[in-house]
Amino acid sequence: MVKRTYAILGTGALGGFYGAKLQKSGLEVHYLLKSDYQQVRENGLIIESKDGDFTLPQVNAYNNVEKMPQCDVVIVSLKTTQNQLLRDLLPPIVKDNGTVLVLQNGLDIEAEVAEIVSNVSIIGGLCFLCSNKVAPGHIHHLDYGQITLGEYTSNYQLTGITQKMREVTADFENAGISIELLEDLLLGRWKKLVWNIPYNGLSVILDARTDELMADIHTRQLVENLMWEVAAGAKSTGRIIPESFIQTMLDYTVKMKPYRTSMKIDFDECRPLEIEAIFGNPFRKAEAAGVYLQQIRCLYQQLKFLDMRMRK
Ligand SMILES: NC(=O)c1ccc[n+]([C@@H]2O[C@H](COP(=O)([O-])OP(=O)(O)OC[C@H]3O[C@@H](n4cnc5c(N)ncnc54)[C@H](OP(=O)(O)O)[C@@H]3O)[C@@H](O)[C@H]2O)c1
Ligand SMILES: CC(C)(CO)[C@@H](O)C(=O)[O-]
């Protein structure tokens, strides 16, 4: 059987971790880097993981997509704040009839990708992962790692489980990454936002870790209210998030090790925040369906202010 080749667009906390796992399992992986290029080209990747540390002393590192070979599967693992680059980065490296696997947080990114590349399958993946890039080419995987995958079709119609989903799943599972398959990508994306909208947003605005947000009755209530509003957003697009799922997310977070969200880390390190993909797209999609997500819009406006002030 011919092995699929992979490209990683953005070799950071997430892309570096999954890419290294795929390479370690025996697949050919090509990594696009920016500031870490020289270091990774010379010394490879270091993965410090709760599942076992490993190093890849030699990796296929690039700082220019034009030098990369076309690959069967291209993993989009930039921060969404860089997605304006996809128009230039994606077309040269994805094979005709290949797959683009979007592993970013947020909503409607697959629809943006569909406007850039044609004759490819687009799969969205929700990553339940806690990973940080701690130094150039050095990834610290703290917890979890499962990915939920669903294939995108125009307007997020239901696809069922496709052959391309099965192929990617086989490669990831062979690399020791647990996969769950979804027939409804849009519902999966809204469900992931049930976590990301309250915790990412409030962690920045209130300068708090997840455990602090859950320990205080006022912030816990805020979290829960926001989760309900995400469910209202989902409903406006015809997707139902059951009440039990909200309780599961609250319980999940209580049991999590105290966590500084990725948005809080970005804020603390003065990097642009993923506001449009995680907050803007959801409230705009709901508004287009006639439902006004007041609390999420309020978070969005505060985050935009903080992001703008930080950049000044
Ligand atoms: N980390 C997690 O545990 C986790 C969990 C779930 C979902 N996610 C989502 O996954 C996505 C990626 O997050 P992340 O945590 O992996 O971010 P990250 O650590 O910042 O990784 C992004 C990488 O992209 C690189 N990059 C930026 N511009 C580039 C360019 N023009 N060419 C090549 N490389 C470029 C960055 O390099 P430089 O550092 O040189 O700019 C960085 O290494 C986000 O949407 C996030 O919300 C992450
Ligand atoms: C929710 C999470 C902290 C772990 O599942 C991670 O997936 C994230 O930051 O999106």
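The chain has the name 2-dehydropantoate 2-reductase in an unreviewed UniProt entry, where Dolichospermum flos-aquae LEGE 04289 is given as its organism.

(A) Quick look at the site of ligand 1. Contacts to ligand 1 come from 22 residues, most closely from Leu14, Ser35, Ser131, Lys133 and Glu274. Between ligand 1 and Thr11 there is a distance of 3.5 Å, counted from an oxygen atom to a backbone nitrogen or oxygen. Between ligand 1 and Asn105 there is a distance of 3.0 Å, counted from an oxygen atom to a side-chain nitrogen or oxygen. Taken by itself ligand 1 offers 890 Å² of open surface, and the protein chains cover 87% of this. Counting atoms within 2 Å of the grid points, the majority share of ligand 1 lands in the largest pocket. When residues of the shell around ligand 1 are traced back to their parent elements, those giving at least two are α1 (13-24) and β8 (121-135). Of all the elements, β8 adds the most residues to the shell around ligand 1, at five residues. Of the residues that constitute the shell around ligand 1, the class distribution is 10 nonpolar, eight polar and four charged.

(B) The site of ligand 2, seen in detail. In the vicinity of ligand 2, the contacting residues are Asn105, Cys127, Phe128, Leu129, Cys130, Lys192, Trp195, Asn196, Tyr252, Met256 and Tyr259. Asn105 has a polar side-chain atom sitting 3.1 Å from an oxygen atom of ligand 2. A distance of 2.6 Å separates an oxygen atom of ligand 2 from a polar side-chain atom of Tyr252. About the coverage of ligand 2: the protein hides 97% of its 280 Å² of free accessible area. Among the detected pockets, ligand 2 sits in the largest pocket.

(C) Main features of the packing of aromatic side chains. Applying the stated rule across the entire model yields eight aromatic pairs. Aromatic side chains Tyr152 and Tyr156 sit 4.7 Å apart centroid to centroid with 80 degrees between the ring planes, which places their arrangement in the edge-to-face category. When sorted by exposure, Tyr152 lands in the same class as Tyr156, which is buried. Members of the aromatic cluster, connected to one another through ring pairs, are Tyr6, Phe17, Tyr18 and Phe172. Sitting above the plane of the Phe245 ring, Lys191 keeps its charged end 4.9 Å from the centroid.

(D) View of the environment of Met256. Residue position: Met256 is located in the loop between α9 (243-255) and α10 (262-268). Classification of Met256 as buried rests on a relative accessible area of 8%. Remark: the alpha-carbon pair of Met256 and Thr148, spanning 108 residues in sequence, is separated by 19 Å. The contacts of Met256, once residues within four sequence positions are left out, are Cys130, Tyr144 and Trp195.

(E) Spotlight on helix α3 (residues 86-93). Along α3, the positions that sit buried rather than exposed are Leu86, Leu89, Leu90 and Ile93. One side of α3 carries all its buried residues, which in axial view fall inside an arc of 90 degrees. Exposed residues pointing more than 90 degrees away from the buried face of α3 are listed as Arg87 and Asp88. Summarising the contacts, the buried residues of α3 are in contact with β1 (5-9), β2 (28-32), β6 (71-76), β7 (94-102) and α4 (109-114).

Rules used in this analysis
- Residues numbered from 1 in each chain as written.
- Chains lettered and ligands numbered in written order.
- Predicted model: local features only at pLDDT ≥ 70, side-chain atom pairs only at ≥ 80, totals over all residues.
- Heavy atoms only, no water.
- Near = heavy atom within 4 Å.
- Polar contact = N/O pair within 3.5 Å; in protein donor to acceptor, adjacent residues only side chain to side chain.
- Areas by Shrake-Rupley, 256 points an atom, 1.4 Å probe, with all protein chains shown as cover.
- 1 Å grid on protein atoms, 1.4 Å probe; cavity = no way out; pocket = protein on both sides within 12 Å on 5 of 7 lines; lining within 4 Å.
- Sits in = over half its atoms within 2 Å of the grid points.
- Helix = DSSP H or I, 4+ residues; strand = E, 2+ residues; numbered from the N terminus.
- Nonpolar A, V, L, I, M, F, W, Y, C, P; charged D, E, K, R; others polar.
- Phe/Tyr/Trp six-rings, centres within 6.5 Å; stacked < 30°, edge-to-face > 60°.
- Buried < 20%, exposed > 50% of the residue type's maximum accessible area, 1.4 Å probe, protein only.
- Lys NZ or Arg CZ within 6 Å of the ring centre and 35° of its normal.
- Contact = heavy atoms within 4.5 Å.
- Arc of directions from axis to C-beta.

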